[in-house]
Amino acid sequence: MNRIVTDFDGTVTDVQREAESFYCTYVCELANKIHLNENDLDELMENAKLQILKNPGLYGWIVDGVIVAPGTADPYLFTQSAARIVLESLKGKNIPPQEEWEALFNELFALAYPRAGVYFRPWALEYIRTLDNRAELVVVTNSSTTSVTKKLAILLGDDQNIRVLGNAKKFKLDPTWEEVPEKYTPKGFPRPVYLRRKMYADIFTLLGDVDGVCGDIWELDLCLPERFGIPTALILSDTTAPWEKAHYINHPNGLASDSLQELAFYLLTR
């Protein structure tokens, strides 16, 4: 039986709808942290978002000083990327030192994420059931195991036994791990992609043979399995980075689509 790995938030869920309440909480909490009027901060955030959209290749989710995912890939990353621009513009005005920003962003996410709603993409139920019935399905997610298990219970009911591996840290780089190159720049990409995501790689070692991986952000979910030669499936949305979408044109071992149904059958027939 094939073993299929899928991401969850943004892949099975409709992250655009989920994040509407997340953003309000994030801005409120950040305003409190930096002692700024919430309306003033909201205006700064909206201006920062426009700055990102004018040249999205320059911005992204920064971890340990390196961009590890596009800044517009989903509303959570878009919000954090905008917040970073705002803090840079306010240096010296009740702003924590830059070395504390990563911890601040993690804290803000932890406060705001529970306020996000729970919405699923079209065909989400059938996607999970089809892959679970016809393959060994494993959910591998940066989110906590508990939060994803709760969402699966909403989708499938309590009588389900999908294996979930949470806190995968697909974003975490280990420069000492030398089994893959440090970075490379795929054709058409605006910047290098960093590959040494050892904690994510360790999950594939744990699982053994994997016959396909599906995710919504190529740089986070799929660049490493693609490097391992595993077939990959990218679920598209309005916020998919255009260079990631273009990466799948004539792709020899992958498919991009906005249809979970199409991607499920692709993964099962590889």
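Below you will find a few notes about this structure. (Residues numbered from 1 in each chain as written. Predicted model: local features only at pLDDT ≥ 70, side-chain atom pairs only at ≥ 80, totals over all residues. Heavy atoms only, no water.)

Moving on to the pairing of strand S9 (residues 232–235). What you see with S9 is no split at all: Thr232 and Leu234 on one side and Ala233 and Ile235 on the other are buried throughout. Each parallel crossover has a hand, and for strand S8 (residues 212–215) linked through helix H9 (residues 218–227) to S9 it is right-handed. Where S9 and strand S10 (residues 254–257) come together, four bridges link them in parallel fashion. Paired with Thr232 across the two strands is Gly254, which belongs to S10. The parallel pair S9 and S10, bridged by helix H10 (residues 242–247), forms a crossover whose chirality is right-handed. (Buried < 20%, exposed > 50% of the residue type's maximum accessible area, 1.4 Å probe, protein only. Helix = DSSP H or I, 4+ residues; strand = E, 2+ residues; numbered from the N terminus. Right-handed = clockwise from strand over helix to strand, strands pointing away. Pairing = 2+ DSSP bridges.)

For the rest of this paragraph, the subject is the packing of aromatic side chains. Per the counting criterion, the structure on display carries eleven aromatic pairs. Seen in terms of ring centroids, Tyr76 and Phe109 are 5.6 Å apart; in terms of plane orientation they differ by 85 degrees. Their pairing is edge-to-face. Taken together, the residues Tyr76 in helix H4 (residues 75–89) and Phe109 in helix H5 (residues 101–112) connect sequence positions 33 residues apart. Relative accessible area serves as the criterion here: at 9%, Tyr76 is assigned to the buried category. (Phe/Tyr/Trp six-rings, centres within 6.5 Å; stacked < 30°, edge-to-face > 60°.)

Strand order across the open sheet formed by six strands is S5-S4-S1-S8-S9-S10, with parallel pairing between neighbours. One side of each edge strand has no neighbouring strand; the edge strands of this open sheet are strand S5 (163–165) and S10. Each strand axis lies, on average, 20 degrees off the axis of its neighbour in the sheet, ignoring direction. Pairing of strand S1 (residues 3–6) with S8 involves three bridges; the strand directions are parallel. Opposite Ile4, over in S8, you have Gly212 as the bridge partner. Contacts from helix H7 (residues 145–156) reach strand S4 (136–140) and S5, with the element oriented near 150 degrees to S5. With respect to the sheet, helix H8 (residues 198–207) is in contact with S1, S4, S5 and S8, its orientation differing from that of S5 by roughly 150 degrees. (Axes fitted to C-alpha atoms, helices over the stretch in contact; angles between N-to-C directions. Contact = heavy atoms within 4.5 Å.)

Once that is clear, we can look at the side chain of Thr11. Along the chain, Thr11 falls in the loop between S1 and helix H1 (15–18). For Thr11, the side chain forms a polar contact with the main-chain nitrogen of Asp216, separated by 3.1 Å. Residues in contact with Thr11, not counting those within four places in the same chain, are Thr6, Arg121, Tyr127, Cys214, Gly215, Asp216, Ile235 and Leu260. (Polar contact = N/O pair within 3.5 Å; in protein donor to acceptor, adjacent residues only side chain to side chain.)

Here we take up the layout of surface pockets. Volume-wise, the largest pocket comes out at about 730 Å³. If you list the elements that add at least two residues to the lining of the largest pocket, you get helix H2 (20–34), strand S2 (60–63), H4, H5 and H9. The element best represented in the lining of the largest pocket is H5, accounting for four residues. Its residues placed into classes, the lining of the largest pocket shows 13 nonpolar, eight polar and nine charged. Lining the second largest pocket are 13 residues; nearest its centre among them are Asp14, Arg121, Pro122, Ser237 and Asp258. (1 Å grid on protein atoms, 1.4 Å probe; cavity = no way out; pocket = protein on both sides within 12 Å on 5 of 7 lines; lining within 4 Å. Points joined across faces, edges and corners; volume = space filled by probe spheres on them. Nonpolar A, V, L, I, M, F, W, Y, C, P; charged D, E, K, R; others polar.)

None of the figures reported here should be taken as evidence of function without further support.
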